[in-house]
Amino acid sequence: MTSLPQLTYIAAEQKSAEVTDWAARVGWLVGLALFVALIYWLMREGWKWRGTLQGDLPELPVAPDGPGEARLTVLSMSGRYHGSTTAGQWLDRIVAHGLGTRSRVELTLTDAGLDVVRPGAADFFVPLAALREARLDKGIAGKVLTEGGLLIVTWAHGDRLIDSGFRSDTAAEHNQWVETLTQLIDTTENNKPETEGAR
């Protein structure tokens, strides 16, 4: 049987449950929400500022009405467009004219050039004469994959050389695209008039 002193000791040890300070919790949540909103706003303003700095980039070309014969057995490559950067500088993202927007993509290579169709984003076209290089790489502007996981196409637009990164839904297609683009670029370079090549 429990004696009276023991009951008094047990009762003294028992404390009432902590009362939740809802005002402090709400204050913390509001502060956190404002902080996240500020970060988002700063990122958005940085994106706009970068676009303003790239205002000298001309409008993107569009595909001609008659693009010519498709070059690959598979007429188009389905996959993702991961962005564009200044050529050779994989972190210098280009955002002007929607080039910074990641999206699904359908690529088609024809006698006229490379047709880039992006559902939900601006389509663009790289004329054959503007193509400079095709290679496999692992990263571009905030997207890093395994070695050879990205198809990088280098092309000229205005006074800039641009690297655009694509990833096929079927990665085995990348090598075929690199080989075909390289052959096409080499053929185009060799067929240029000597006066043009001497400039």
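That block above? That's the structure.
Report follows, based on the coordinates. (Residues numbered from 1 in each chain as written. Predicted model: local features only at pLDDT ≥ 70, side-chain atom pairs only at ≥ 80, totals over all residues. Heavy atoms only, no water.)

1. Some thoughts on the pattern of salt bridges
Item 1. This structure, assessed with the given rule, holds 4 salt bridges.
Item 2. Taking the shortest distance from any N to any O, the salt bridge between Asp169 and Arg104 comes out at 2.8 Å. Within this pair, whereas Asp169 is found in the loop between strand 10 (160-168) and helix 3 (173-190), its partner Arg104 is found in strand 3 (residues 103-109), the two being separated by 65 residues in sequence.
Item 3. We classify Asp169 as partly exposed; its relative accessible area is 49%.
Item 4. Residue classification places Arg104 among the partly exposed positions, given a relative accessible area of 36%.
Item 5. Linking Glu133 and Arg135 is a salt bridge whose minimum nitrogen-to-oxygen distance equals 3.8 Å.
Item 6. By relative accessible area, Arg135 is classed as partly exposed at 24%.
Item 7. Salt bridges linked by common partners bring Glu133, Arg135, Asp137 and Asp163 together as one network. (Salt bridge = Lys/Arg side-chain N within 4 Å of Asp/Glu carboxyl O. Helix = DSSP H or I, 4+ residues; strand = E, 2+ residues; numbered from the N terminus. Buried < 20%, exposed > 50% of the residue type's maximum accessible area, 1.4 Å probe, protein only.)

2. Some details on the nonpolar core
Item 1. By size, the foremost hydrophobic cluster in this structure holds 28 residues, and its most contacted members are Leu107 and Phe166.
Item 2. Listing elements by their share of this core, those giving two or more residues are strand 1 (77-86), strand 3, strand 4 (113-117), strand 5 (124-127), strand 6 (131-137), strand 9 (150-157), strand 10 and helix 3.
Item 3. Take this core: its biggest share by element is 5 residues, from helix 3.
Item 4. Dropping the residues within four chain positions of it, Phe166 is found in contact with Met77, Arg80, Tyr81, Val105, Leu107, Val116, Gly149, Leu150, Leu151, Val153 and His174. (Core = buried A, V, L, I, M, F, W, Y, C linked by side-chain atoms within 4.5 Å. Contact = heavy atoms within 4.5 Å.)

3. Regarding a nonpolar patch on the surface
Item 1. Together, Leu32, Phe35, Val36 and Ile39 give the surface a local cluster of nonpolar side chains, amounting to about 380 Å² of exposed area.
Item 2. Following the sequence through the fold, Ile39 ends up in helix 2 (residues 22-53).
Item 3. Of the residues examined, Ile39 reaches a relative accessible area of 36% and is grouped as partly exposed. (Patch = residues over 30% accessible without salt bridge, like charges linked within 9 Å, V, L, I, M, F, W, Y side chains within 5 Å. Areas by Shrake-Rupley, 256 points an atom, 1.4 Å probe, with all protein chains shown as cover.)

4. With respect to the side chain of His174
Item 1. Inspection of the secondary structure assignment puts His174 in helix 3.
Item 2. Those residues in contact with His174, other than ones at most four positions away along the chain, are Leu136, Gly148, Gly149, Leu150, Leu151, Phe166, Arg167 and Ser168.

On their own, these measurements won't tell you what the molecule is for.
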